[in-house]
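# Examination of the molecular architecture
Residues per chain, in single letters:
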Amino acid sequence: YPRSNLAGDEPPAILAEAGASVRTVEAYRTVPAELDEEGLRLIQEGMFDLALFASPSAVRRFVEIAEAPREILARIGAVSIGPTTAAALWDAGASRVAEAVRPDEGGLWDALRIAWRRRPHERGSTP
């Protein structure tokens, strides 16, 4: 079962419970991105309406580097690649999460469109 260095044990455990012989292999490593000071400043100043997260580790990294991440995530709309990332966003304080139905580019675009359409309504105007 190829996975990242940060992956949980649930999928291999489910496979083993079903009778599979499972060997996990670290296929890739997730390492923190470098801090983008300008982008972070703009986020903290409220210059963004939406933030897209493609992994729980991206949510954790945002929480590590942002000042008042719960307040930021409560204020902006969040887009998630799937349920695990959505759960990390809810746990981190997000108030609005649009979750991709499929964990691919098309699914993310669909979730982004849904999140964007919600924004004008939240502000009291029509799209």
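Just so it is clear, the model here is predicted, and its values are computed rather than measured.

## Considering the packing of aromatic side chains
Throughout the structure, instances matching the rule amount to one aromatic pair. A centroid spacing of 5.9 Å and a plane angle of 75° characterise the contact between F53 and F62, whose relative ring orientation is edge-to-face. Looking at F53, the relative accessible area reads 6%, which means it is buried.

## Some remarks on the confidence of the model for the protein
Residues with a pLDDT of 70 or more make up 94% of the protein, whose mean pLDDT is 88. Averaged pLDDT values over the elements of the protein bottom out at 86 in helix α6 (residues 105-122) and peak at 97 in helix α5 (residues 83-92).

## What to know about unusual backbone geometry
For A68, which is not a glycine, the phi torsion comes out positive at approximately 55°. With respect to the helices and strands, the residue A68 is situated in the loop between α3 (56-65) and α4 (69-75).

Cut-offs and rules
- Residues numbered from 1 in each chain as written.
- Predicted model: local features only at pLDDT ≥ 70, side-chain atom pairs only at ≥ 80, totals over all residues.
- Heavy atoms only, no water.
- Phe/Tyr/Trp six-rings, centres within 6.5 Å; stacked < 30°, edge-to-face > 60°.
- Buried < 20%, exposed > 50% of the residue type's maximum accessible area, 1.4 Å probe, protein only.
- pLDDT = per-residue confidence, 0-100.
- Helix = DSSP H or I, 4+ residues; strand = E, 2+ residues; numbered from the N terminus.

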